[in-house]
Amino acid sequence: MANGYIGKILTIDLTTQEVGEIETAKYESWGGGEGMAAAIYWDLAEDKTLTDGTDPRNIIQIMTSPLTGTFAPSAGGRVRVSYVGLWGWPVGYLTGSLIGGRLGSMIKFAGWDGVVITGKSETPVWINVIQDKVTFENATDLWDLDTWETQEFIWSDVMERELGEWNYLGTGRDDGRTTQRPAIITTGPSAEKYGPWSALIHDAGQAAGQGGSGGVFASKNLKALSIYGTGGVEIADPTGLMEARQWVRGFSASGNLDDLKTTAMSVPMGSSQGVAAVGYPEGMKARVHGCSGCIRNCKGRTERKMGNESRCLDFLWYSSFDMAAHKGAKTDAVLVGCDQVQRLGINSYPMMSTVLWLKALYENGILGVGKQIESSLPYDLIGEEEFAVALTEAIAYNLDIGADLALGLWQCATKWGRLEEDVASGWLPLQASGYVHHYDARHETEWGWGNLFQERDHNMHDFNYFVFWAPTIWGLMGMEPEVSAERMAEIISSKMVPFNDDPNLIDHSDEGIYSDSMIKLVRWHTYYQKYYKESLVFCDYTYADFINPYGENMEGVTPKAEEWLTEAVTAKGEKFEDGIALGRKIYNLERAIWTLQGRHRDTEVYGEYNYNPSAAPFGLATYEAPYTVPMRIDGEWVYKSTNSRSLDKVKVEDFKTRYYAAEGWDETNGWPTRATLEELGLDYIADELESYGKLGA
Amino acid sequence: MSELIDENKEQVTENNGMSRRQFMTGVGGVGVGVVLGGMVTTGVLGKDDIYAIAASDGYLLVDSKKCSGCMSCMLACSLMHHGQTNLSLSRIQIVQDSTEAYPNDLHIYQCHQCPFPSCVEACPTGAMHADPKTGVRTVDDEKCIGCERCINACPYTPSRVQWNPIDKHAQKCDLCTNTPNWNNKEEGMLACVEACSTRALELTKEIPMQTGLGYDVDLGHTSVAWQTFGIISE
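This structure is a prediction, so every number in the text was calculated from the model and none was measured. (Residues numbered from 1 in each chain as written. Chains lettered and ligands numbered in written order. Predicted model: local features only at pLDDT ≥ 70, side-chain atom pairs only at ≥ 80, totals over all residues. Heavy atoms only, no water.)

Caption draft 1: Broad picture of the nonpolar core. Counting residues in hydrophobic clusters, the biggest one holds 241 residues, and the most contacted among them are Ile127(A), Ile227(A), Leu391(A), Leu405(A) and Trp449(A). With 10 residues, helix H18 (residues 576-596) of chain A is the largest single contributor of residues to this core. When neighbours within four sequence positions are excluded, Leu391(A) is seen to be in contact with Trp317(A), Met351(A), Val355(A), Leu358(A), Leu377(A) and Leu405(A). In this structure, Val120(B), Ala127(B), Cys150(B) and Val161(B) belong to the second largest nonpolar core, which totals 15 residues. (Core = buried A, V, L, I, M, F, W, Y, C linked by side-chain atoms within 4.5 Å. Buried < 20%, exposed > 50% of the residue type's maximum accessible area, 1.4 Å probe, protein only. Helix = DSSP H or I, 4+ residues; strand = E, 2+ residues; numbered from the N terminus. Contact = heavy atoms within 4.5 Å.)

Laid out in structure tokens, this is it:
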């Protein structure tokens, strides 16, 4: 039956160079992406307690969803990469990262729902998948190439004709032809040298960054995966998909080009296209660019082929330093910064915190030539191209302090003897699990809670657009809010099925951030993330769409869009709340794996700066502004600043206790209980946890 | 029809000393419209022995500078025609080089519905023909013998005629005159146009200029949408 799935998953054993298949139907109940990968990991992992991501027994999975390869708007172009990571604290947990572009769709067009890679090659290889044929190619000469050079090599090697001609994927008339290039995911040069930082890059700037996916590739002696196909994705209801897409498009800039709304809200679906352009120097000519099937088109390609397909932190890690050094103007330095991280395959997300940390150490006489931490990087040139190049190359090639940084930030700080002091002061803002501060847990508290209970920075902006950005921008600009705090609370709460009977879900008052309503929000957010965002791979930059300037009474497309689009592709009769329930199931499966990896209530702790009143009150990331958030005070909804707020450790611990109880986990250690796992149909997982003595009581 | 074409090819070349391509180039879009407009047959010999077939009722224009490269048009095209999203079955092709500079990073290749279609001329069975009702150049699947002459005859690269390895016949853009998987399609709607996220595609009834960039034009809307974030498009 046409339901968006191809029907088989490719398995590749690098140790034996054996290739096999898994029937997708066995795992379809997990949706796709993260859920499917977690279920497969549970079944295939030789040792689920494994925490060293460089161990040959680590499994790396690149998993699509039924929507991948379709034009389900801002969902069809994404794929999830899963693996035991290299960055996390205190150990590398099973983690992963989403990646866009055309990789996921090409995996499906080649005839696969995903790729599962196990083992370790004896020699450097890259994997060449052409339809159902898999070969292992010598990557010795590619090992030191950057990500763009590697892809250029493989494109020219695989394609028999020039780009833009019909390439024949076989010798027979009916073997299939395509004008497209193979989709490639690759590491940067010798990524084993900077494994925790190493991202997998696809095309110019699509990246799977968090947790060191490139380092996992390198540890397996794997340079790249190239995939090429000419097949298709059969869909249950083509007309329904077109209708659903057009309906969704009506809520986007794409569907309103004649009547664009100007809004100060950093809204997801309703934002203007080409948002990447905020990172370009003034006057840059460019096109907007979108992943396969997208309507949001958040990226771009420029006339000087600098900054191509970069976005957000690819720019932000260096843009404020560039502007500070150039009288407020953006220069090519920011684009050089983009291209350095893309070409070297460095995860851009921790780069800004790294520069801020090094800058503080340098300006306080701790770091530099002849200082406690010896370094001759050109710190006086922060903001110039030279420093961007020097720092990224130091990390990638282990130059100067790069060999220490390359270990990962918490590992580096430990080696330098600065972990405790610098985390407490906020110089090195490691928020939770060793991942750097993205948004502030003291103010936009839901972001922090999500991180505290997961293995990495969740990087999910569903509430962030409205809880932080919108009211903060309105405040900074002296604007009348486009949506009142009361209306915002009403809209968002109404869409959070099945917790939609609670009107106080987004209350970020001093009491609200520790409330039972906040527990419901954190639970819903995690379930939504686990299923819709990371398993069905709806793009974080477009969904959830709570408030939308094009919607009737400002209401966005969530949850109708997610349900409609999924149904058009799969015809499973799945309701939105079914997906939320499945998200909970996926979360519990992963929680069980993390538990076996050693996760415990005692390791779910915030960095000390969150409790320290003398730490910087905000601005630990350069894009942050003094936080204004929605809250309910004396029964009235208001937007209010929280700038003097620190977290209360006693209240945080109490929140953890109540959160574990709400999840049905053991309050003393945060482990899943048999009752909860059996309720979710995960009896076999309860049995295994029990065999390890790690079943919650 | 094929015999007519073959005979005509000789007549035109011999009688006028000018190839059909030279003729079309010389006349240009307006001239072609005058010459061919209103014809409903698939091929005739005019008074001056110039062979012509009916003009298409429509032509697909693109604005390659505005295209985002999301390929939604390709996915929609294949889905509405074949019930599956499949880049290789799409009758419009977007080709991209992600590390190249704008605007050379992307090209759109769509059928021109050529006023003088080489694909039709090359077909030995009449499978490739101009639809009597709409003039659109399209394939009668039942008549196609799989010789691929039409594919090779297309003067453009990549060929706008493609081989369908599933159903075993040639195919090309039919301006959505045959989309069995699109139940509520309204007249004149094209799947690619409907799916386009940037309005980089547009159907026109006017025959585009046959020289230069007649099919790749500025379709407008660019500045309003893009300059919100400072993107400049020419």
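Caption draft 2: A look at unusual backbone geometry. A cis geometry characterises the amide bond from Trp89(A) onward to Pro90(A), with omega recorded as -5°. A cis geometry characterises the amide bond from Thr157(B) onward to Pro158(B), with omega recorded as -5°. In this structure, Pro158(B) sits in the loop between helix H5 (149-153) and strand E9 (162-164). With a phi angle near 50°, Asp400(A) is a residue other than glycine that sits in the positive phi range. Mapping Asp400(A) onto the fold places it in the loop between helix H9 (385-397) and helix H10 (402-405).

Caption draft 3: Representation of the environment of Ala130(B). All names here are of chain B. The topology assignment puts Ala130 in strand E7 (residues 128-130). Look at Ala130 and you get buried, because its relative accessible area is 1%. Remark: the alpha-carbon pair of Ala130 and Gln113, spanning 17 residues in sequence, is separated by 9.3 Å.

Caption draft 4: Structural context of empty space enclosed by the protein. Residues and elements named next belong to chain A. As enumerated under the stated definition, the model contains 11 cavities of 30 Å³ or more in all. In this structure, the largest cavity spans a volume of roughly 810 Å³. Forming the walls of the largest cavity are 47 residues, and the residues nearest its centre are Arg78, Leu98, Ala207, Arg311 and Asn459. Mapped by element, the contributors of at least two residues to the lining of the largest cavity are strand E5 (94-99), strand E13 (206-208), helix H6 (313-325) and helix H7 (332-344). (1 Å grid on protein atoms, 1.4 Å probe; cavity = no way out; pocket = protein on both sides within 12 Å on 5 of 7 lines; lining within 4 Å. Points joined across faces, edges and corners; volume = space filled by probe spheres on them.)

Caption draft 5: Region of interest: a nonpolar patch on the surface. A cluster of nonpolar residues, Leu476(A), Met477(A) and Met479(A), forms a patch on the protein surface that exposes about 300 Å² of accessible area. Judged by relative accessible area, which is 57%, Leu476(A) ranks as exposed. (Patch = residues over 30% accessible without salt bridge, like charges linked within 9 Å, V, L, I, M, F, W, Y side chains within 5 Å. Areas by Shrake-Rupley, 256 points an atom, 1.4 Å probe, with all protein chains shown as cover. Salt bridge = Lys/Arg side-chain N within 4 Å of Asp/Glu carboxyl O.)

Caption draft 6: Layout of the environment of Leu14(A). All names here are of chain A. Examined against the element boundaries, Leu14 turns out to sit in the loop between strand E1 (8-13) and strand E2 (18-23). With relative accessibility at 1%, the residue Leu14 sits in the buried group. Apart from residues lying up to four places away in sequence, Leu14 is in contact with Ile117, Thr118, Gly119, Lys120, Ser121, Val125, Ile127, Phe136, Lys220 and Leu222.

Caption draft 7: Representation of H6(A) within the structure. All names here are of chain A. Taking 1.5 Å of rise per residue, 13 residues should cover 18 Å, and H6 covers 19 Å from first to last C-alpha, within 8% of that figure. Along its length, H6 reaches its greatest deviation from straightness, about 40°, at Ser319. Regarding H6, the residues found buried are Leu313, Asp314, Phe315, Trp317, Tyr318, Ser319, Phe321 and Asp322. Summarising the contacts, the buried residues of H6 are in contact with H7, helix H8 (351-363) and H9. One or two residues past the end of H6 sits Lys327, with phi positive at roughly 55°. (Expected span 1.5 Å × (residues − 1). Bend = angle between axes of the 7 residues up to and from the residue.)

Caption draft 8: Main features of the side chain of Ser90(B). Residues and elements named next belong to chain B. Structurally, Ser90 is set in the loop between strand E4 (84-85) and strand E5 (92-96). You can call Ser90 buried: its relative accessible area is 0%. Of note is the side chain of Ser90, whose polar atom sits 2.6 Å from the backbone oxygen of Ile92. Setting aside anything within four residues of it in sequence, one finds Ser90 in contact with Met74, Cys77, Ser78 and Gln162. (Polar contact = N/O pair within 3.5 Å; in protein donor to acceptor, adjacent residues only side chain to side chain.)

Caption draft 9: Quick peek at the packing of aromatic side chains. Residues and elements named next belong to chain A. Per the counting criterion, the structure on display carries 46 aromatic pairs over all chains. On the basis of an interplanar angle of 70° and a centroid distance of 5.6 Å, the ring pair of Tyr280 and Phe315 is categorised as edge-to-face. A residue pair is termed long-range when its members are at least 10 positions apart, and Tyr280 in the loop between helix H5 (238-249) and strand E16 (286-289) and Phe315 in helix H6 qualify at 35 residues. In this structure, Tyr280 and Phe315 share a single accessibility class: buried. The rings of Trp449, Phe453, Tyr514, Tyr527, Tyr587, Trp594, Tyr606, Tyr611, Phe655, Tyr659, Tyr660 and Trp665 are connected pair by pair, giving a single aromatic cluster. The ring of Trp112 carries Lys8 above its face, with NZ or CZ at 4.4 Å from the centroid. The aromatic ring of Trp155 is capped on one face by Arg181, whose charged end is 3.8 Å from the ring centroid. (Phe/Tyr/Trp six-rings, centres within 6.5 Å; stacked < 30°, edge-to-face > 60°. Lys NZ or Arg CZ within 6 Å of the ring centre and 35° of its normal.)

Caption draft 10: The interface of chain A and chain B, seen in detail. On the chain B side, the residues contacting the 68 residues of chain A number 66 residues. Here chain A and chain B share an interface that buries about 5500 Å² over both sides, 54% of which is from carbon and sulfur atoms. When the buried surface of chain A facing chain B is broken down by residue, Trp166(A), Leu257(A) and Arg287(A) rank first, second and third, together holding 14% of it. Our enumeration of links across chain A and chain B arrives at six salt bridges. Between Asp174(A) and Lys168(B) there is a salt bridge, with its nearest N and O atoms 3.6 Å apart. Inspection of the chain A/chain B interface yields 39 residue pairs in polar contact (both at pLDDT 80 or more). (Buried area = accessible area lost by both parts, 1.4 Å probe.)

Caption draft 11: Structural context of the sheet that holds strand E6 (residues 114-118) of chain A. Residues and elements named next belong to chain A. If you walk across this open sheet you meet the six strands as E2-E1-E6-E3-E4-E5, and the pairing is mixed. The open sheet is flanked by E2 and E5, the only strands paired with a single partner. Neighbour-to-neighbour, the strand axes of the sheet open up by a mean angle of 20°, direction not taken into account. (Pairing = 2+ DSSP bridges. Axes fitted to C-alpha atoms, helices over the stretch in contact; angles between N-to-C directions.)

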